[in-house]
Amino acid sequence: MSVTAYRTCPLCEATCGLELTLDASGAVERVRGDADDVFSRGFLCPKGVSIKELHDDPDRLRTPLRRTADGSFEPCTWDEAFALVAAGLEGVRARGGADAVALYIGNPSAHNMSALLYARALAKGLGTRNVYSASTVDQYPKQLASALLFGTATTVAVPDLDRTDHLLVLGANPLASNGSLMTAPDVRGRLRAIQARGGKVVVVDPRRSRTARAADEHVPIRPGTDALLLIAMVAVLFEEELAAPGRLEPLCDGLGELRGLAAPFAPERVAAATGVPAETIRRLARELAAAERAVVYGRMGTTTQTFGTTASWLVDVLNVLTGNLDREGGAMFPLPAVGGSNSRGEPGRGRGARTGRWSSRVRGLGEVFGELPVACLAEEIETPGDGQVRALITLAGNPVVSTPNAGRLDGALASLDFIVSVDLYVTETSRHADVILPAPSPLERAHYDLALYGFAIRNVANYSPAVLPMGDGMQDEWRTLLRLTGIAVGQGAGADVDAIDDFVALDVLRREAATAGSPVHGRDPAELLAALAPRRGPERLLDALLRTGPYGEGFGRDPDGLSLAALEAAPHGIDLGALQPRLPDALRTASGRIELTPPALVADVERLHAALDAPAEDGAMVLIGRRDLRSNNSWMHNLPLLVRGPERCTVQVHPDDAARLGLTDGAPARVRSRVGAIELPVEVDDAIMPGVVSIPHGWGHGVDGVGWRVASAHAGANSNVLADELAVDPVSGNAVLNGIPVSLAPAAAG
Ligand SMILES: Nc1nc2c(c(=O)[nH]1)N[C@H]1C(S)=C(S)[C@@H](COP(=O)(O)OP(=O)(O)OC[C@H]3O[C@@H](n4cnc5c(=O)[nH]c(N)nc54)[C@H](O)[C@@H]3O)O[C@H]1N2
Ligand SMILES: Nc1nc2c(c(=O)[nH]1)N[C@H]1C(S)=C(S)[C@@H](COP(=O)(O)OP(=O)(O)OC[C@H]3O[C@@H](n4cnc5c(=O)[nH]c(N)nc54)[C@H](O)[C@@H]3O)O[C@H]1N2
Ligand code: SF4
Ligand SMILES: [Mo]
């Protein structure tokens, strides 16, 4: 007899509902899209299907590992593992202080309730300034720009895909990535619907991506020059009197200053640098202004580049100037059921963004949202002195593949005194660990998208309980994180996890009870905690947050409101409706206004002037990345379903460049940058613009000691060996992963 279970897919940001069929033994027989899911309506992609292979993967860790004298790993018990961790971390802290322990938090933690709810306790317990994450090789420029404009890092305006008539996409390829900072299952279907209702989709990208192919227009652009294109569009709006913020005008600070800032960047001046003809830039601006409901959306190509924060800012400046911010069919602010940073406390005003409260020790790059840029990690490990990093905790991250100057970081990790990795596999990173603590498979844990619903194009809430019982010898990841927290706060390896969990939950309720406007303002936190019994762990916290959230039942105040029990009764999710205008209430700037010209971004306009005056050398090549539908950063190449078919880790080169450089389709090329070199097959392809080459990230599994047998057989090369750790967006410290200067030459075959 088979059983059906429903589960939100945790593998990308789209949050698709999966329908799993299990046989009597609990083995997964089939994975399909859940046709009744309120958001995804049956959509899924090949990665969703591969959740079965992920669960069954024989290389996935099912017991803690410890390093042996000969450098290999052996299984050990959890108690043995934590005793080693306690000794390792305590030794490093005794010698070097709190900052000697670094924490790196990777991408899957954003899809994981345990990490989202408990990693902060760990970081706080460690008390280190050396907190790093995948966010500084990703979206921090967008979040920083949003925080400067609107007040918090998660007040990010997302495209109202289902109601817009005109979508201008820069540097995103949602047909491969399934969307990012735009949670939307089935982006392809939603883009087709825009076209079907007579709207237009335009994609600005150095490469004719899948999304560009599906669009009405593809505009090739020189990597790293989006900010120039965008500021020229701003200039056109002012010059041609098309700027019309409408309802928001009285709420905006800096409109006049913007006009002056943009004026020198006429399209005719930026055309050469961007590679976009002036007439095209003018038309893009006019079409955006003329469309009934339009939205500009930028992602990886606009954030992980030298003008990441400034480009992200200008995206929203265009949304404001065309009257499309916070209106239907424009760029809107979701109101998630849980975790919203702009729905608590006093509406319409807040502390605003605070950054640079401390700086990295070696290079002096500023803190952003409590983290230091991961581009600094290797030097913080290698450079002696007070505060030198000597130990590392990695949580759901693979920085040796994912972060710049991967070769240097790989060497730096080998020099550390102690590393503990919480992961599913022995990866390029965790192979350096002294102890690896396994995390359960996605099917062994409950799920709620605490982070991603904050970026969703509809307000949705969907909870999935664990599909399968925990395997023998596994433990919940939140328990692992709290045991690490116990060690961090000096309670040692034997700390009482349940007591720490009670403390964390009580703390959440205490803060809620102290917040004016909260439905539980003034109530007794201990009594609220008792009302959540017998739940504990992430479920208890989730229930507390749902009940006190904007749709919550308020601990008895509104019987029709949300609680975890309400979500448990709705396995296909609860649709909370289309996005609604939320300004001015959602603002959390100190001024209570939209701060359109934050000083840090105004100052960066100087660099834009300099970029205009420094044209690219003839024949110079730059590297950009590329995502593939059947890949997911560094860690899903071990699944046979996803690595089938022709090799995908290739360097794509335009035919003219291939001819000029003597490169042949299928033959190996050597690609070199300031910091490293790799070899990989050439793919001659006119989809990429001349002067630009593309290599996907996340590969390079052919190193000694990884526990990925399938991935090792499809190794590819690590593109971040080429990424320069000194190249960062100076405003956010985010790494430049798109627009890396490289040279190419044929490599000796074989
Ligand atoms: N050149 C270049 N570099 C890039 C990018 C690019 O476009 N170009 N993209 C960047 C981006 S956007 C990102 S987000 C980063 C990703 O960077 P990282 O987050 O560092 O790397 P991932 O490949 O996502 O590795 C995730 C790790 O988490 C483990 N894992 C998976 N699920 C779980 C879980 O539930 N619990 C635990 N504990 N572990 C789990 C996996 O086994 C894997 O080892 O890479 C960045 N690097
Ligand atoms: N299949 C798959 N899906 C994924 C992931 C994955 O690895 N594989 N990773 C997930 C993660 S962690 C993230 S953050 C998201 C990312 O989601 P997206 O941002 O949609 O992903 P990318 O495919 O990196 O899209 C970046 C695009 O920018 C273009 N580009 C490069 N440089 C520039 C530039 O200077 N200007 C402009 N305008 N364009 C440029 C590239 O050619 C590429 O098409 O995807 C998520 N989904
Ligand atoms: S699109 Fe994303 S969420 Fe949906 S099935 Fe694929 S990986 Fe899972
Ligand atoms: Mo990412």
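The present account deals with the structure reproduced in this document.

Here we come to the side chain of D326. Of note, D326 is situated in the loop between α14 (308-321) and β14 (331-332). The exposure class of D326 is buried, given its relative accessible area of 0%. Here the side chain of D326 touches R582 through a polar contact of 2.7 Å, landing on its backbone nitrogen. Contact partners of D326, with chain neighbours within four places excluded, come to R247, L248, A331, M332, F333, Q580, P581, R582 and L583.

This part takes up the sheet that holds strand β17 (residues 435-438). Pairing is mixed across the open sheet formed by 7 strands, whose spatial order is β5-β4-β17-β16-β15-β6-β7. The open sheet has two free edges, formed respectively by β5 (73-75) and β7 (131-133), since each of these has just one partner strand. Within the sheet, the average angular offset between the axes of one strand and its neighbour, ignoring direction, is 20°. Bridging between strand β6 (residues 101-105) and strand β15 (residues 391-395) involves 5 bridges; their strand directions are parallel. When the sheet's bridge partners are listed, V101 is paired in β15 with A391.

The next subject is the nonpolar core. Ranked by size, the top nonpolar core spans 147 residues in total, and within it W313, L325, Y448 and I594 carry the most contacts. Not counting the four nearest positions on each side in its chain, W313 is found in contact with A145, L149, L258, L261, L596, P598, L601 and V605. Membership of the second largest hydrophobic core comes to 50 residues, among which are A102, V400, A669 and L744.

This brings us to the site of ligand 3. Close to ligand 3 lie C9, L11, C12, A14, T15, C16, F43, L44, C45, K47, G48 and N178. Across the shell around ligand 3, the residue classes tally to 8 nonpolar, 3 polar and 1 charged.

Following the sequence through the fold, T515 ends up in the loop between α19 (497-513) and α20 (525-531). For T515, the contacting residues outside a window of four places in its chain are R344, G345 and H521.

On to the pattern of salt bridges, then. Across all of its chains, the model carries 54 salt bridges by this definition. E553 is paired through a salt bridge with R547; the nearest N and O atoms lie 3.6 Å apart. Both residues of the pair, E553 and R547, belong to the buried class. The structure contains a network of salt bridges with shared partners spanning E239, E240, E268, E279, R282 and R286.

Mapped onto the fold, G340 is located in the loop between β14 and α15 (377-382). We classify G340 as buried; its relative accessible area is 12%. For G340 and A285, which are 55 residues apart along the polypeptide, the C-alpha to C-alpha distance reads 32 Å.

Contacts to ligand 1 come from 30 residues, most closely from Y104, N107, D423, E477 and S634. One nitrogen or oxygen atom from the main chain of N398 is found 2.9 Å from an oxygen atom belonging to ligand 1. Side-chain polar atom of E477 to a nitrogen atom of ligand 1: 2.6 Å apart, as the coordinates give it. For ligand 1, the accessible surface in isolation is 920 Å², of which the surrounding protein chains cover 97%. Only α16 (399-402) and β16 (418-423) provide two or more residues apiece to the shell around ligand 1. A class-by-class count of the residues in the shell around ligand 1 yields 13 nonpolar, 12 polar and 5 charged.

To continue, consider the sheet that holds strand β13 (residues 294-298). Reading across the sheet, the 4 strands line up as β11-β10-β9-β13 and stay open at both edges, with parallel pairing between neighbours. Each edge of the open sheet is held by one strand with a lone partner, namely β11 (217-219) and β13. Ignoring which end each strand starts from, the neighbouring axes of this sheet average 15° apart. Strands β9 (166-170), β10 (200-204), β11 and β13 of the sheet are contacted by helix α12 (residues 278-290), whose axis makes an angle of about 130° with β11.

This brings us to the packing of aromatic side chains. According to the stated counting rule, one finds 6 aromatic pairs in the structure shown. The aromatic ring of F555 is capped on one face by R547, whose charged end is 4.9 Å from the ring centroid.

An α-helical turn contains 3.6 residues, so a residue and the one three or four places further along point in the same direction. What helix α17 (residues 406-414) keeps buried is the set A406, L409, A412 and L413. All buried residues of α17 project into a common sector of 120° when viewed along the axis, lining one side. Contacts made by the buried residues of α17 are with α15, β15, α16 and β16.

On to helix α23 (residues 599-612). For α23, which comprises 14 residues, the first-to-last C-alpha distance of 21 Å matches the rise-based estimate of 20 Å (1.5 Å per residue) to within 8%. Every buried residue belonging to α23 is among L601, D604, V605, L608 and L612, and all of these are buried. The arc that holds the buried residues of α23, viewed along the axis, is 130°, so those residues lie on one side. In this structure, α23 carries P599, A603 and E606 as exposed residues pointing more than 90 degrees from its buried face. Where the residues of α23 are buried, they touch α5 (140-150), α9 (226-239), α10 (255-262), α11 (267-274) and α14.

Thresholds applied
Residues numbered from 1 in each chain as written. Chains lettered and ligands numbered in written order. Predicted model: local features only at pLDDT ≥ 70, side-chain atom pairs only at ≥ 80, totals over all residues. Heavy atoms only, no water. Helix = DSSP H or I, 4+ residues; strand = E, 2+ residues; numbered from the N terminus. Buried < 20%, exposed > 50% of the residue type's maximum accessible area, 1.4 Å probe, protein only. Polar contact = N/O pair within 3.5 Å; in protein donor to acceptor, adjacent residues only side chain to side chain. Contact = heavy atoms within 4.5 Å. Pairing = 2+ DSSP bridges. Axes fitted to C-alpha atoms, helices over the stretch in contact; angles between N-to-C directions. Core = buried A, V, L, I, M, F, W, Y, C linked by side-chain atoms within 4.5 Å. Near = heavy atom within 4 Å. Nonpolar A, V, L, I, M, F, W, Y, C, P; charged D, E, K, R; others polar. Salt bridge = Lys/Arg side-chain N within 4 Å of Asp/Glu carboxyl O. Areas by Shrake-Rupley, 256 points an atom, 1.4 Å probe, with all protein chains shown as cover. Phe/Tyr/Trp six-rings, centres within 6.5 Å; stacked < 30°, edge-to-face > 60°. Lys NZ or Arg CZ within 6 Å of the ring centre and 35° of its normal. Arc of directions from axis to C-beta. Expected span 1.5 Å × (residues − 1).

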